[in-house]
Structure formats: structure tokens, C-alpha cells
Amino acid sequence: MDFKYIVHLTSTTNLLTAATETQNTKTALLPPHNGTEATEFILLGLTSQREVQPILFVVFLLIYLIPLTGNFGLIALIRLTPRLQTPMYFFLTHLACVDIFYSTNVSPQRLVNFLSEKKTISYTGCLAQCFVFVTLLLTEYYMLGAMAYDRYMAICHPLHYKSRMSRPLCICLVTFPYLWGSLVGTMQVILTSHLSFCGPNIINHFYCADPPLLMLTCSDTYIKQTALFVSAGINLTGSLLIIFISYVFIFITIMRIRSSEGQCKAFSTCGSHLTAVTMFYGSLFCMDLRPANEQSVEQGKIVAVVCNFVNPMLNPFIYSLRNKDVKQALRAVFMRNLRTVEKRSILTVSQ
């Protein structure tokens with residue numbers, strides 16, 4: 001996920017020194033350009049071996065369709081089940097939407113590139129992809145934070161949960177991540193649009209993101225890199241702080257419960273969320289701790305696949321297989337459909 005801008009914000013710390021050194025080298029060695037700038041970029045993709053491209057197309061098509069089907073199914077199940085009309089599942093619906101857009105931002109372009117000779121993306125398309133990545137990354141940051149706050153209210157203040165987690169408050173908690181992500185994404189794209197790309201236009205990745213773009217620009221990147229570094233620090237720290245503080249109070253409250261059965265029940269209500277948080281931030285930190293070198297670029301592609309496709313694919317299963325309410329709703333839907341099929345079979349036989 002090295003350059004999942006959605007993840008790439010956190011990797012800027014590693015790339016800051018490498019990009020600065022590259023910029024200084026280009027300034028010293030490259031001759032003045034003729035005023036023309038890149039209008040498109042070439043994406044090297046996951047591999048240059050043509051014989052495996054069709055195989056990768058099939059594999060990644062399935063990887064894309066599974067989270068798409070799972071998240072749409074989860075959204076439909078929540079919308080159609082009255083007992084799931086609670087703040088927790090309201091936030092989960094929006095998290096599923098983020099995962100859908102997450103995968104869709106990259107998959108169509110990459111699937112086309114698997115089967116085409118010319119693996120390019122326009123300058124405008126590249127900026128649009130960067131914007132969507134930043135927006136969705138920050139949205140997921142704070143959506144997971146809102147879900148942690150919801151669990152805090154449910155466990156630490158159960159008697160006041162329904163009154164305090166009102167519909168207007170839930171809408172505000174969901175709206176803020178989208179607006180804040182869009183605002184930061186717009187700011188980052190504006191800064192990127194002021195950079196000049198007059199040298200090689202080859203991106204060693206399978207989609208556009210700011211870190212590889214910074215390696216190609218012939219402009220001064222100090223302001224852009226500083227903005228990335230500050231944005232990564234503020235948003236990553238802020239979202240983690242919300243989650244950490246919420247769970248500190250949750251664990252304190254759970255430890256005060258005398259019965260082991262009550263403790264297990266309380267832990268089970270936040271188990272799915274903790275698993276999703278661990279996967280999401282674990283991927284970010286795995287990418288962030290890699291050194292900035294050529295080998296890390298190749299490793300980053302693998303991490304990007306995990307963050308862009310594996311995490312969104314697993315989230316629906318985490319929230320369904322580890323959640324009793326969702327499993328009961330799925331069982332009810334299955335039994336209802338089974339009875340409908342049986343009735344139709346009986347009517348067909350009787351006729």
C-alpha cells in the first residue's frame with residue numbers, strides 16, 4: 001500500500017529524504033526543459049511479464065467482485081432488517097460504502113491495464129485518483145473513530161445510549177469524515193497541480209499517488225512534502241487518539257463488571273471493530289516502517305494490494321461472522337427465502 005494515498009500519507013515520512021535527494025540530483029543534472037510537461041503517465045503495474053497478465057486479470061477481478069458483493073450485501077441486509085437500525089450499523093453501512101469506493105478507485109483502471117499494451121493514465125485522471133485516495137483514507141480514519149466512540153457510549157453509558165447517540169448526532173459524526181477528507185484531498189491535489197512534470201513520466205506502481213509523483217517532478221517539492229507530512233501526522237494521531245481513549249474507558253468499564261459472562265458479552269460487542277482497526281492500522285504501520293529504497297517500492301505494491309483489496313474484502317466477513325446480530329439476520333433472511341422457495345415448489349406440484 002506504499003502508495004495508496006490512502007495509505008501513502010503515512011509513508012511520506014519515509015519518502016521525504018529520498019524524494020528530496022532525488023529532487024536535488026535532478027536539479028543539478030537535468031538540462032532545462034523545453035516548457036512541455038507530461039499530459040499522461042505510464043503505470044508499470046505489478047509485473048512486466050506479459051504471460052501472467054491474463055492470470056492476474058482473473059485473480060484481481062475476483063478480488064474486486066468479492067468485496068463489492070460482500071459490502072453491497074451487508075448494506076442491503078442492514079437496510080432491510082429492522083433490528084439492525086441502530087447507530088452501530090449506521091456507521092457500519094458508511095464504512096462499507098467507503099470500502100466499495102476504495103476498491104473501485106483502483107480496480108477498473110488496473111484491470112484494463114492488465115489486458116492492454118498501453119498502460120497509461122491521463123494527468124487529470126491521476127489527480128482525480130489522488131483526490132479520491134486522500135478523501136477515502138481520511139474518511140476511514142475518522143469513521144473508525146466514530147465507531148469507537150459509539151462503542152464507548154454503548155458500553156460505558158448504556159442507560160443513556162439511545163438518547164445521546166441520537167440520529168442528528170450520528171449524521172454529524174458520519175458527515176465530518178467525508179467533509180474533512182474532501183477538504184484535505186482538495187488541498188493536496190491543488191498543491192500537486194502546481195508541480196511541473198517535465199522529465200520521465202513512468203510511475204513504478206499500478207495506480208497514481210503522490211509519493212511516486214514527487215519522484216518525477218522537476219519543481220521544488222518542499223511545500224508539498226511538508227503538507228503531506230503535517231497532514232499525515234495530524235490525522236493519523238487524531239484518529240488513533242480517539243480510538244485509543246475510547247477503548248481505555250471501555251476496558252476500564254469492562255474490568256469493573258463482576259461476572260465473566262457480562263465481560264465476554266461486552267467484549268463481543270466491540271470485537272469486530274477492534275479486528276478491523278487492527279487490520280487497517282497494521283497495514284499502515286507495516287508500510288510506514290519500511291525503508292525508502294528501490295526494494296521498498298516493490299514491497300509497497302504488495303502492501304497496496306492488501307490495503308486496497310484484501311482489507312475491503314475481509315471487512316464484510318469480519319462484521320458478519322463475528323457479530324451475533326448480523327448472523328441472526330442472515331439466518332432469518334435465508335430461512336425466509338427457503339420457505340418462499342418451498343411454497344413455490346408446493347404450488348407448482350399441486351398445479
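Cut-off values and rules
Residues numbered from 1 in each chain as written. Predicted model: local features only at pLDDT ≥ 70, side-chain atom pairs only at ≥ 80, totals over all residues. Heavy atoms only, no water. Disulfide = S-S within 2.5 Å. Helix = DSSP H or I, 4+ residues; strand = E, 2+ residues; numbered from the N terminus. Buried < 20%, exposed > 50% of the residue type's maximum accessible area, 1.4 Å probe, protein only. Axes fitted to C-alpha atoms, helices over the stretch in contact; angles between N-to-C directions. Parallel < 35°, antiparallel > 145°, perpendicular 65-115°, else oblique. Left-handed = near helix turned anticlockwise from the far one by under 90°. Contact = heavy atoms within 4.5 Å. Nonpolar A, V, L, I, M, F, W, Y, C, P; charged D, E, K, R; others polar. pLDDT = per-residue confidence, 0-100. Phe/Tyr/Trp six-rings, centres within 6.5 Å; stacked < 30°, edge-to-face > 60°. Core = buried A, V, L, I, M, F, W, Y, C linked by side-chain atoms within 4.5 Å. Salt bridge = Lys/Arg side-chain N within 4 Å of Asp/Glu carboxyl O.

1. Describing the state of the cysteines
The full count for this structure, using the stated rule, is 1 disulfide. Across the disulfide, C126 is cross-linked to C208 (sulfur-sulfur distance 2.0 Å). Handedness of the C126-C208 disulfide follows from its S-S torsion of about -110°: it is left-handed. With C126 in helix α5 (residues 123–156) and C208 in the loop between β3 (202–203) and α8 (210–214), this residue pair connects regions lying 82 residues apart in the sequence. A relative accessible area of 1% places C126 in the buried class. There is no disulfide at C130, and the cysteine sulfur nearest it, in C126, is 4.6 Å away. A relative accessible area of 3% places C130 in the buried class. Cysteine C170 remains unbridged, with the sulfur of C172 as its closest cysteine sulfur at 9.3 Å. On the basis of relative accessible area, C170 is assigned to the buried category, the value being 3%.

2. Here we look at the packing of helix α3 (residues 87–104) against helix α7 (residues 167–193)
As a packed pair, α3 and α7 sit with axes 10 Å apart at the nearest point and diverge in direction by 20°. As far as their axial angle goes, α7 and α3 are roughly parallel. Remark: the crossing between α3 and α7 carries right-handed chirality. Contacts from P87, F90, F91, H94, C97 and V98 of α3 reach α7 at R167, C170, I171, L173, V174 and Y178. Residue composition of the contact of α3 with α7, by class: 10 nonpolar, 1 polar and 1 charged.

3. Comments concerning the packing of α5 against α7
α7 packs onto α5 with a crossing angle of 150° between their chain directions and a minimal axis gap of 7 Å. Classified by the interaxial angle, the pair formed by α5 and α7 is roughly antiparallel. The two elements α5 and α7 meet at a crossing, and its hand is right-handed. A per-class count over the contact of α5 with α7 returns 17 nonpolar, 8 polar and no charged.

4. Topic: the confidence of the model for the chain
For residues with low pLDDT, the predicted coordinates do not support detailed interpretation. On average, residues of the chain carry a pLDDT of 81, and 84% of them reach 70 or more. For the chain, per-element mean pLDDT is lowest for helix α1 (residues 5–29), which scores 42, and highest for α7, which scores 95. The model gives residues 1–35 a pLDDT under 50, and that stretch makes 111 contacts with residues more than four places away or in other chains.

5. Focus: the packing of aromatic side chains
On inspection of all chains with the given rule, the structure shows 16 aromatic pairs. When the ring of Y141 is compared with that of F280, the centres are 5.9 Å apart and the planes differ by 80°; the resulting orientation is edge-to-face. A residue pair is termed long-range when its members are at least 10 positions apart, and Y141 in helix α5 and F280 in helix α10 (residues 260–288) qualify at 139 residues. Since its relative accessible area comes to 1%, Y141 is described here as buried.

6. As for the nonpolar core
Core analysis: the largest hydrophobic core is formed by 48 residues, its most contacted members being F91, L92, Y141, L144, I250, F280 and Y281. At the level of elements, α2 (53–80), α3, α5, α7, α9 (222–255), α10 and α12 (324–350) are the ones that each hand at least two residues to this core. Looking at this core, the element that brings in the most residues is α5, giving 16 residues. Discounting residues that sit within four places of it in the chain, L144 has contacts with L95, I243, H273, V277, F280 and Y281. In this structure, V106, F114, F206 and V305 belong to the second largest nonpolar core, which totals 18 residues.

7. Quick notes on the pattern of salt bridges
Tallying each qualifying case throughout the model produces 5 salt bridges. In this structure, the salt-bridge partner of E40 is K118, at a minimum N-O distance of 3.9 Å. With E40 in strand β1 (residues 40–43) and K118 in the loop between α4 (107–114) and β2 (120–122), this pair connects stretches of sequence that are 78 residues apart. On the basis of relative accessible area, E40 is assigned to the partly exposed category, the value being 28%. Where D210 meets K224, a salt bridge forms, and the shortest distance between an N and an O atom there is 2.9 Å. With a gap of 14 residues between them, D210 in helix α8 and K224 in helix α9 connect regions that are remote in the sequence. The exposure class of D210 is buried, given its relative accessible area of 1%.

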